[in-house]
Amino acid sequence: MSTSTSPGVGTGIELEIGGMTCASCAMRIEKKLNKLDGVTATVNYATEKAKVTVPDGYDPAQLIAEVEKTGYTAVVPAPKRGKADGAAADAGAEDPELVSVRHRLIGSVVLTVPVIAMAMIPALQFTYWQWASLALASPVIVWGAWPFHKAAWANLKQGAATMDTLISMGTSAAFLWSLYALFLGTAGTPGMKHPFEFALAPSDGAANIYLEVGAGVTMFILAGRYFEKRSKKQAGAALRALLELGAKEVSLLRGGIETKIPVEELQVGDEFIVRPGEKIATDGVVVSGTSAVDASMLTGESVPVEVAEGDAVTGATTNAGGRLVVRATRIGADTQLAQMAQLVEDAQTGKAEVQRLADRISGVFVPVVIAIAVIALGGWLGAGFPVSAAFTAAVAVLVIACPCALGLATPTALLVGTGRGAQMGVLIKGPEVLESTRRVDTVVLDKTGTVTSGKMTLVDAVTEPGTGRADLLRLAGALEDASEHPIAQAIAKGATEETGALAVPEDFANLEGKGVQGVVDGHAIVVGRESLLAEWSMTLSPGTAAAKAKAEAEAKGKTVVAVGWDGQARGILIVADTVKPTSAEAVAQFKAIGLTPILLTGDNDAVARQIAAEVGIEEVIAEVLPQDKVDVVRRLQAEGKVVAMIGDGVNDAPALAQADLGLAMGAGADVAIEASDITLVRGDLRSAVDAVRLSRKTLGTIKTNLFWAFAYNVAAVPVAALGMLNPMLAGAAMALSSVFVVGNSLRLRGFKSIAKP
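The rules behind each value
Numbering of residues starts from 1 in every chain and runs along the sequence as written. A pLDDT threshold of at least 70 governs which residues receive local features in this predicted model, and a stricter bar of 80 or more applies before side-chain atom pairs are shown or counted, although totals over entire chains, interfaces and linings include all residues. The side-chain figures draw on all heavy atoms in the structure; neither hydrogens nor water molecules are used. Should DSSP find at least two bridges between two strands, the strands are regarded as paired. The helix and strand labels rest on DSSP assignments: H or I over at least four residues marks a helix, E over at least two residues marks a strand, and numbering proceeds from the N terminus. What is meant by a nonpolar core is a set of buried Ala, Val, Leu, Ile, Met, Phe, Trp, Tyr and Cys residues, joined one to another through side-chain atoms within 4.5 Å. Note on exposure labels: buried denotes an accessible area under 20% of the residue type's maximum, exposed denotes more than 50%, and partly exposed covers the range between, all computed with a 1.4 Å probe on protein chains only. In this description, a line fitted to the C-alpha atoms serves as the axis of each element, helices being fitted only across the stretch in contact, and the angle between N-to-C directions of two axes falls anywhere from 0 to 180 degrees. An angle below 35 degrees is treated as roughly parallel, one above 145 as roughly antiparallel, one from 65 to 115 as roughly perpendicular, and anything else as oblique. Whether a crossing is left-handed or right-handed is set by the direction in which the near helix is turned from the far one by less than a right angle, anticlockwise for left-handed and clockwise for right-handed. Contact criterion: two residues are considered in contact whenever any of their non-hydrogen atoms come within 4.5 Å of each other. Amino acids are sorted into nonpolar (Ala, Val, Leu, Ile, Met, Phe, Trp, Tyr, Cys and Pro), charged (Asp, Glu, Lys and Arg) and polar (every other residue, Gly among them). Here the expected span of a helix is defined as 1.5 Å times the quantity of residues minus one. Buried and open spaces are told apart on a 1 Å grid over the protein atoms alone, a cavity being a set of points where a 1.4 Å probe fits but cannot get out and a pocket being an open set with protein on both sides within 12 Å along at least five of seven lines. Residues with an atom within 4 Å of a point are the lining residues. Grid points are joined across faces, edges and corners, and a volume is the space filled by probe spheres set on the points. UniProt positions are given in the numbering used here, feature names are shortened, and annotations may be inferred rather than shown by experiment.

## Re the pairing of strand β6 (residues 249–254)
In this structure, β6 lies alongside strand β7 (residues 257–262), joined through six bridges in antiparallel fashion. From the neighbouring strand, arginine 254 faces β7, where its bridge partner is isoleucine 257. The turn joining β6 and β7, which pair antiparallel and follow one another in sequence, is formed by two residues; a positive phi near 60° is taken by glycine 255. Of the strand pairs in this sheet, β6 and strand β8 (residues 271–274) are connected by three bridges, and their pairing is antiparallel. Paired with leucine 253 across the strands is glutamate 271, a residue of β8.

## Description of the nonpolar core
Membership of the largest hydrophobic core comes to 37 residues, with the highest contact counts inside it found for Leu445, Phe590, Leu599, Ile646, Leu663 and Leu685. Elements supplying a minimum of two residues to this core: β15 (426–428), β16 (442–446), α21 (583–592), α22 (605–615), β25 (643–647), β26 (661–665), β27 (678–680) and α26 (686–721).

## Regarding the packing of helix α17 (residues 469–480) against helix α18 (residues 486–499)
Orientation of α17 relative to α18, taken along the N-to-C sense of each, is 135°, at an axis distance of 8 Å. Considering the angle they form, α17 stands oblique to α18. For the element pair α17 and α18, the recorded crossing hand is left-handed. Between α17 and α18, the residues in contact are Arg469, Ala470, Leu473, Arg474, Gly477 and Glu480 and Ala488, Gln489, Ile491, Ala492, Ala495, Glu498 and Thr499, respectively. When its residues are assigned to classes, the contact of α17 with α18 shows six nonpolar, three polar and four charged.

## Considerations on the packing of helix α4 (residues 96–120) against helix α5 (residues 129–144)
Axis separation between α4 and α5 bottoms out at 9 Å; the angle between their running directions is 155°. Our classification of the angle between α4 and α5 gives roughly antiparallel. Relative to α5, α4 is oriented so that their crossing is left-handed. Seen from α4, the contacting residues are His103, Arg104, Gly107, Ser108, Leu111, Thr112, Pro114, Val115, Met118 and Ala119; seen from α5, they are Trp129, Ala132, Ser133, Leu136, Ala137, Pro139, Val140, Trp143 and Gly144. Counted by class, the contact of α4 with α5 contains 12 nonpolar, six polar and one charged residues.

## Side note on α18
Counted at 1.5 Å a residue, the expected span for α18 with its 14 residues is 20 Å, and the 20 Å between its end C-alpha atoms agrees. Listed as buried for α18 are Ile487, Ala488, Ala490, Ile491, Ala492, Gly494 and Ala495. Taken together, the buried residues of α18 touch β17 (452–463), α17, β21 (559–565) and β22 (568–579). Where α18 ends, the next residue or the one after it, glycine 500, has phi of about 95°, a positive value.

## Things to note about the pairing of strand β9 (residues 283–288)
The side chains of a regular strand alternate, first on one face of the sheet and then on the other. Of the strand pairs in this sheet, β9 and strand β14 (residues 324–330) are connected by five bridges, and their pairing is antiparallel. Residue pairing across strands places glycine 284 opposite alanine 328, the latter belonging to β14. Relative to strand β12 (residues 312–313), β9 is paired through two bridges, and the arrangement is antiparallel. For valine 285, the partnering residue across the bridge sits in β12 and is alanine 312.

## Brief notes about the sheet that holds β8
One open sheet holds the six strands; their spatial order is β7-β6-β8-β14-β9-β12, and the pairing between them is antiparallel. Of all strands in the sheet, those with a lone pairing partner are β7 and β12, marking the two edges.

## A look at the environment of proline 505
Within the secondary structure, proline 505 sits in the loop between α18 and β18 (507–511). When the C-alpha positions of proline 505 and aspartate 481 are compared, they lie 8.8 Å apart, and in sequence the two are 24 residues distant. In contact with proline 505, other than residues within four places in its own chain, are Ala478, Leu479, Ala482, Val519 and Val520.

## Let's talk about the environment of alanine 41
When you line up the elements, alanine 41 lands in strand β3 (residues 40–44). Sequence-wise, alanine 41 and threonine 53 are 12 residues apart; in three dimensions their C-alpha atoms are separated by 6.3 Å. In this view, alanine 41 contacts Glu30, Leu33, Asn34, Lys51 and Val52; residues no more than four positions away in its chain are not counted.

## What to know about the layout of surface pockets
Put simply, the second largest pocket is a space of about 530 Å³. What lines the second largest pocket is a set of 25 residues, among which Gly19, Thr21, Glu97, Pro147 and Lys150 lie closest to the centre. Looking at the lining of the second largest pocket, the elements that each hand over two or more residues are α4, α6 (146–157) and α8 (211–235). Looking at the lining of the second largest pocket, its residues break down into 10 nonpolar, seven polar and eight charged.

## Describing the sheet that holds β15
Strand pairing in a sheet is mediated by backbone hydrogen bonds. Such pairs are either parallel or antiparallel. Sheet architecture is open: seven strands sit in the order β15-β27-β26-β25-β16-β23-β24, paired in mixed fashion. Single-partner strands in this sheet number two, and they are β15 and β24 (619–621). Geometrically, the sheet is characterised by an average inter-axis angle of 20° between neighbouring strands, direction not taken into account. Alignment of β16 against strand β23 (residues 596–600), held across five bridges, turns out to be parallel. Among the inter-strand pairings, valine 444 is bridged to a residue of β23, identified as isoleucine 598.

## Observations concerning the UniProt feature "transmembrane region" (unreviewed entry) in the protein chain
In this numbering, the UniProt entry assigns the feature "transmembrane region" (unreviewed entry) to residues 105–122, 128–146, 166–187, 207–227, 361–383, 389–416, 705–722 and 728–746. With 89% helix and 0% strand, residues 128–146 has its two end C-alpha atoms placed 27 Å apart. Between the first and last C-alpha atoms of residues 166–187 the distance is 26 Å; the span itself is 82% helix and 0% strand.

## A look at unusual backbone geometry
Look at aspartate 521: it is not a glycine, yet its phi comes out positive at around 50°. Position of aspartate 521 relative to the elements: it lies in the loop between β19 (515–520) and β20 (523–528). For aspartate 521, a relative accessible area of 42% puts it in the partly exposed group. Here the phi dihedral of glutamate 623 falls at roughly 55°; this positive angle occurs in a residue that is not glycine. Among the structural elements, glutamate 623 can be located in the loop between β24 and α23 (629–638).

Written out as structure tokens, the structure is:
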């Protein structure tokens, strides 16, 4: 069973709904479920799923029974399998409803095309053409349109009317009128001619048949429905592709023996082998080996990441280098891949406020349209026009007013937009987030780990007179390499990159809080605070380049490490948290899309202003305690600003939750990700710009879809009621409006990131 539990809230149950044909269907099911005691439900037409919150211990069978009473089907989806071949099998299995619609469409096209051709081209109207039309059109109107008739009947028993009611009434009316004209009127007379007209003209009605209307409308609507269903399947492809990234099997290592097992049998704490070219089976920590890991499929990063013993690795990424032994730390639904998929699915199943508006309108639209059709029929008859003209106007109203495009306007755009975001490493948690991105005018950036790398890096080495830079780095780096301190490791890494492999110290001692000392290549070396060197009677010469660089670095908040050997101070090493290479570009892009960036940090003001100047941020709020970050966001909001907050640490979580839009770096703490509205899988700040741009683009697409759907219905219904549109053309226009909405949404798949690999 697909469930999730929140303390004090109840249990979340997901249902797969079958038989829905429009947004009105979704609205009806949602209303029925929400009438049950303690039940809160949201039904999404595009994803054909219901997300239901029920009291703990609630039997899902009650929900399924209620949906079935409404005339639809519901099942609790099978538990998600961990292995990729399961996901692949699910993706490969064709939707039975899609297959059924395709078969009906093919049959309807084959039978309907001759009917329409004969009705439109008088030259093809041979002596008994009308009876041939009846033979061809009858299977289409009865069998091809059967899903519409069946749904309309089920709705009628419930005292409800939906889009299927419109289709069933329109096609049935056209068919029954044609039968009347053929058997009881003069339409069955051999040699009868029936010219095709775009507008209506008065006639006695009994000489006209509308088989091409019933068959044509059925064919066009089946075509529209088929392409809608197929497009919805394509729109969810990003999520399915995400689920298929994982490995199928894993080489388990126990007691030195290697065994191949299915990946879902892997347990936390198990060690497994990953050879070059293989996918890492699950999230874990490298136990032994070094390699480069290609995470591009998951994060979009094009450059492989170097990993060694102690480094964390993510499931579904590819080992591009040497052999690794990895200890599993997270499996199944807890892995980053599974969490990404769940975030995408949750976003796609939710509803924005604009979607609720469209659903409400769709729910009342059908009875209003039926009333307009009746009024049109009565109006034409009352004005003295023939029954044929009145009937045709009423049928045109019924078939052109389908609310399908209205119902698809929002969910299809959400499907494609959130799916495209997942491909780019931008996970939008819910559709309501889209509204926030439109209004945001201020973006607050945490410094460490967001604007900067969050890791100490050796940025400079300045020597005393008579000492070479290479010697300073080589000897100090060799000694620091024996220490596990982050600053020591930063120095060792920087020294290795500049001088090559480092020597192994002959003697080593860690002086806690002060530094390290030892012997390298016969030299007694001390590395650490200036006070440590002073204990050995070693001091930096005043007025030298090293002394000046030390004062300047400390003024900017950087860490300075002094180095001395053989009784003499030899120079300094400067270590700092460096700005990410892409941060300045990201800040410029924020400004370009109308956002004012603010740097927020607990560091001292000098450090903060130095970083801000590097990336182009004018406003800085520094020396803020972790618990006070949320107060800063509240203050900005009180000033009338709509605030987006970007962070990655546990201390950022309250501020992320308080902000109008919270964006968490995916490499950050789980609690920060949980508190945010958007998760950025990559550590690149440009992803945040992409997130805002994509969200705004998706919202714009929704509004475009809604505008055209509303405009279409508002304009088309009066035209049809006034008898200015042939019912067959009305059916074609209705189907094309839905295809337009889906096609417009699918354009989001071409959204491009600002980041260039």
